[in-house]
Amino acid sequence: MAARILLIEDEQRIAELIARGLQNAGFEVDFVSEGNRGLEMMQARDYDLIILDLMLPDMDGLRVLEKLRNRKLCPPILILSALGAVEDRVKGLERGADDYLSKPFSFNELLARVRALLRRGQPVRERLQVADLVMDVTRRKVSRGGQPIELAPKEFSILEFLMRNAGRPLTRTAIVEHVWEMDYDGLTNIVDVYIRHLRSKIDDRWPHKLIRTVRGIGYMIDAGEKPAGKPAGT
Ligand code: CA
């Protein structure tokens, strides 16, 4: 399977040149010209590598970098910058870029860096499990009792967050902030809607429910069996 690369670069000419070159080299490439658009793409698809320009029209590339790095699983990031200043290079690397290339650069140089990063970034397959619910985080696949379950990207993110915190109640606000990466003040009801969707997919058909409502707090996923109607301690 071809590695998939996301290119965030606003200079059309350079973006097309890079995209075409990488495609010719056998990679799958998506390109966008705005930071926010890039972040959206990251939510929707899995990438093996991000190529990020530092000077973007809508937001500073370093800010994009920070947001990318806040994610649990972030592919390697190669920074492109016309600035080339030592200070930017240092800032970029400090904030979690894996490599840095100053413009102008030769395409072969870029290709060499891309290949090196992809080799280094071979993903370790990460797997989360709660009872018979299994999430392959790397491949973004979910199954329960061996039956595959299709989830929308946001549903997947919420479930991943719950599973990473299994046994711990999470507030609606925490879920919103984690999954939407912003303050959805007053919109925490959206979490209830998504939890309903999730329940219909991973719990409704099974007698043993995994997602619990924690009154006054929010939600929790938990494997523990607590048969109803039985007093504690018996
Ligand atoms: Ca630019």
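Residues numbered from 1 in each chain as written. Predicted model: local features only at pLDDT ≥ 70, side-chain atom pairs only at ≥ 80, totals over all residues. Heavy atoms only, no water.

Draft legend 1. Examining helix 7 (residues 172–180) more closely. For helix 7, the set of buried residues is I175, V176, V179 and W180. Along the axis of helix 7, the buried positions cluster into a sector of 100°, meaning they face one direction only. On the buried face of helix 7, the contacting elements are helix 2 (35–44), helix 6 (153–164), strand 10 (170–171), helix 8 (189–202) and strand 12 (218–221). (Buried < 20%, exposed > 50% of the residue type's maximum accessible area, 1.4 Å probe, protein only. Helix = DSSP H or I, 4+ residues; strand = E, 2+ residues; numbered from the N terminus. Arc of directions from axis to C-beta. Contact = heavy atoms within 4.5 Å.)

Draft legend 2. Fine view of the nonpolar core. Counting residues in each nonpolar core, the largest one holds 29 residues, and the members touching the most others are I158, L159, I175 and I221. Per element, the largest residue contribution to this core is 6 residues, and it comes from helix 6. Apart from the residues lying within four places of it in its own chain, the contact partners of I221 are V130, L133, L159, L162, M163, A166, G167, I202, L210 and I211. Among the nonpolar cores identified, the runner-up in size contains 21 residues, and M41, L65, C74 and I79 belong to it. (Core = buried A, V, L, I, M, F, W, Y, C linked by side-chain atoms within 4.5 Å.)

Draft legend 3. Just the coordination of the calcium ion, in detail. Within the first shell, the calcium ion binds the protein through D10 (OD), D53 (OD) and M55 (O), at distances of 2.1 to 2.3 Å. Positions of the donor residues of the calcium ion along the chain correspond to the pattern D-x42-D-x1-M. Taken together, the residues D10 in the loop between strand 1 (4–8) and helix 1 (12–24) and D53 in strand 3 (residues 49–53) connect sequence positions 43 residues apart. (Donors = N, O, S within 2.8 Å, 3.2 Å for Na, K, Ca; no water.)

Draft legend 4. Inspection of the sheet that holds strand 4 (residues 77–81) at higher detail. With respect to topology, 5 strands assemble into an open sheet ordered 2-1-3-4-5, the strand pairing being parallel. Of all the strands in the sheet, just strand 2 (28–32) and strand 5 (99–102) have a single pairing partner and so form its edges. Taken over all neighbouring pairs, the strand axes of this sheet differ in orientation by 20° on average, direction set aside. Where helix 1 meets the sheet, it contacts strand 1, strand 2, strand 3 and strand 4, and its direction lies at approximately 170° from that of strand 2. (Pairing = 2+ DSSP bridges. Axes fitted to C-alpha atoms, helices over the stretch in contact; angles between N-to-C directions.)

Draft legend 5. Expanded view of the pattern of salt bridges. Across all of its chains, the model carries 17 salt bridges by this definition. With a closest N to O distance of 2.9 Å, D30 and R45 form a salt bridge. Note that D30 is positioned in strand 2 and R45 in the loop between helix 2 and strand 3, a separation of 15 residues in sequence. When its relative accessible area of 17% is taken as the criterion, D30 is described as buried. (Salt bridge = Lys/Arg side-chain N within 4 Å of Asp/Glu carboxyl O.)

Draft legend 6. Structural detail: the environment of E9. Following the sequence through the fold, E9 ends up in the loop between strand 1 and helix 1. Sequence-wise, E9 and F31 are 22 residues apart; in three dimensions their C-alpha atoms are separated by 7.3 Å. Ignoring sequence-local partners within four residues, the contact set of E9 consists of I14, A15, V32, S33, D53, L56, L80 and K103. Looking at E9, its side chain comes within polar contact range of the main-chain nitrogen of E11, at 2.9 Å. (Polar contact = N/O pair within 3.5 Å; in protein donor to acceptor, adjacent residues only side chain to side chain.)

Draft legend 7. Examining the pairing of strand 3 more closely. Within strand 3, 5 of the 5 residues are buried, leaving the element largely enclosed by the surrounding structure. With burial as the criterion, each face of strand 3 is covered, one bearing L49, I51 and D53 and the other bearing I50 and L52. The pairing of strand 1 with strand 3 spans 4 bridges and is parallel. What sits directly across from L7, in strand 3, is I51. In the sheet, strand 3 pairs with strand 4 via 4 bridges, with the strands oriented parallel. Looking at the pairing, D53 lines up with L80 of strand 4.

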